[in-house]
Amino acid sequence: MTLLKDFYTTIDTNEIAENRFVVTLALNAAHPIFRGHFPNNPVTPGVCMMQIIKESTEKILQQPLQLIKLSNVKFMAIINPEKNPKLFLELSISNEEDQVKVKNVTKFDQTVALKFFGEYKKVKI
């Protein structure tokens, strides 16, 4: 389930190596969140990017997850959905018995916008 309805669309998910994926997505610059963050200068909220990483990982693993630990998050460039709506999430996923570790690099064009390392616990349904 997507937390923010119509915030983004997943275009493609490719496994490029064992447990390594590239997710291509498009942000919806018309989404209401950008009217408040920020008017006339939209910026994708960092917490939304972290949610996209979680949701993308859940789709790949077909497993609900809950974030339990962030050990490294670096926002390196502003993601303006009007200028750079297409994003590429490079995900390295370590799927263990009860938890999942995810290393992510998010880019637009050749610009690194976000680096992320987080741990999730698997949620039993």
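Let me sum up the structure you'll find in this document. (Residues numbered from 1 in each chain as written. Predicted model: local features only at pLDDT ≥ 70, side-chain atom pairs only at ≥ 80, totals over all residues. Heavy atoms only, no water.)

### Some points on the overall build of the protein chain
Each helix and strand in the protein chain was counted, giving 2 helices and 6 strands. Mapped in sequence order, the helices and strands of the protein chain form the string β-β-α-α-β-β-β-β. A globule of 125 residues ought to have a C-alpha radius of gyration of about 14 Å, and the protein chain, at 14 Å, matches this closely. Taken along the three principal axes of its C-alpha coordinates, the protein chain extends 45 × 30 × 25 Å. Nonlocal contacts in the protein chain, meaning residues at least 24 apart in sequence, comprise 59% of its contacts between residues at least 6 apart. Accessible area for the protein chain stands at about 7,400 Å²; split by element, carbon and sulfur atoms hold 50% of it. Looking at charge distribution, the protein chain has the averaged site of its 16 positive side-chain charges lying 5 Å from that of its 13 negative ones. (Helix = DSSP H or I, 4+ residues; strand = E, 2+ residues; numbered from the N terminus. Rg over C-alpha atoms; globule rule 2.2 N^0.38 Å. Contact = heavy atoms within 4.5 Å. Areas by Shrake-Rupley, 256 points an atom, 1.4 Å probe, with all protein chains shown as cover. Lys, Arg positive; Asp, Glu negative; His and termini not counted. Charge placed at Lys NZ, Arg CZ, Asp CG, Glu CD.)

### What about unusual backbone geometry?
Of note, the bond from histidine 37 into phenylalanine 38 is cis; its omega dihedral lies within 30 degrees of zero at 0°. Looking at where phenylalanine 38 falls in the secondary structure, it is placed in the loop between helix H1 (33-36) and helix H2 (46-61). Not every positive phi belongs to a glycine, and asparagine 40 is a case in point at roughly 65°. Its place among the elements puts asparagine 40 in the loop between H1 and H2. Looking at asparagine 40, the relative accessible area reads 83%, which means it is exposed. With a phi close to 50°, glutamine 62 is a non-glycine residue in the positive phi region. With respect to the element layout, glutamine 62 can be found in the loop between H2 and strand S3 (65-75). Glutamine 62 gets classed as exposed once you look at its relative accessible area, which sits at 74%. (Buried < 20%, exposed > 50% of the residue type's maximum accessible area, 1.4 Å probe, protein only.)

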